[in-house]
Amino acid sequence: MQAPTHTRTHPVATGGADTRLPWWALVLPAVAFAALLLLILNPADAQAAAGDPTFTHVLERARELIQR
């Protein structure tokens with residue numbers, strides 16, 4: 001005894017959907033990767049934000065709000 005099978009009334013489309021990416025979807029991750037790679041290769045160029053008191057104040061405020 002065989003299970004009933006259903007035949008398709010419409011043929012399967014072989015063209016598929018258009019899946020092309022915009023140019024920036026490939027370029028932006030590549031640029032970010034290159035920038036991070038350069039920072040790893042030469043960490044002396046990476047400067048900490050500790051010298052900016054405004055940024056430090058914002059981080060301290062965010063930490064206080066999270067701990068409450």
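Calculation notes
- Residues numbered from 1 in each chain as written.
- Predicted model: local features only at pLDDT ≥ 70, side-chain atom pairs only at ≥ 80, totals over all residues.
- Heavy atoms only, no water.
- Helix = DSSP H or I, 4+ residues; strand = E, 2+ residues; numbered from the N terminus.
- Areas by Shrake-Rupley, 256 points an atom, 1.4 Å probe, with all protein chains shown as cover.
- Salt bridge = Lys/Arg side-chain N within 4 Å of Asp/Glu carboxyl O.
- Patch = residues over 30% accessible without salt bridge, like charges linked within 9 Å, V, L, I, M, F, W, Y side chains within 5 Å.
- Buried < 20%, exposed > 50% of the residue type's maximum accessible area, 1.4 Å probe, protein only.

Asker: Report on the overall build of the chain, specifying residues and quantitative values.
Answerer: Helix and strand counts for the chain stand at two helices and zero strands. Carbon and sulfur atoms provide 65% of the accessible area of the chain, an area that totals close to 7100 Å².

Asker: Describe the pattern of salt bridges, with residues and values.
Answerer: According to the stated counting rule, one finds two salt bridges in the structure shown. Notably, a salt bridge pairs Glu 64 with Arg 61, separated by 3.3 Å at the nearest N-O pair. Taken as a pair, Glu 64 and Arg 61 lie in helix H2 (residues 53-67) at a separation of three residues, close to a single helical turn.

Asker: Talk me through a nonpolar patch on the surface; I want residue IDs and the actual numbers.
Answerer: Residues Leu 21, Trp 23, Trp 24, Leu 26, Val 27, Leu 28 and Val 31 make up a contiguous nonpolar surface patch of roughly 800 Å² in combined accessible area. Note on placement: Trp 23 falls in helix H1 (residues 23-41). Given a relative accessible area of 64%, Trp 23 falls into the exposed group.

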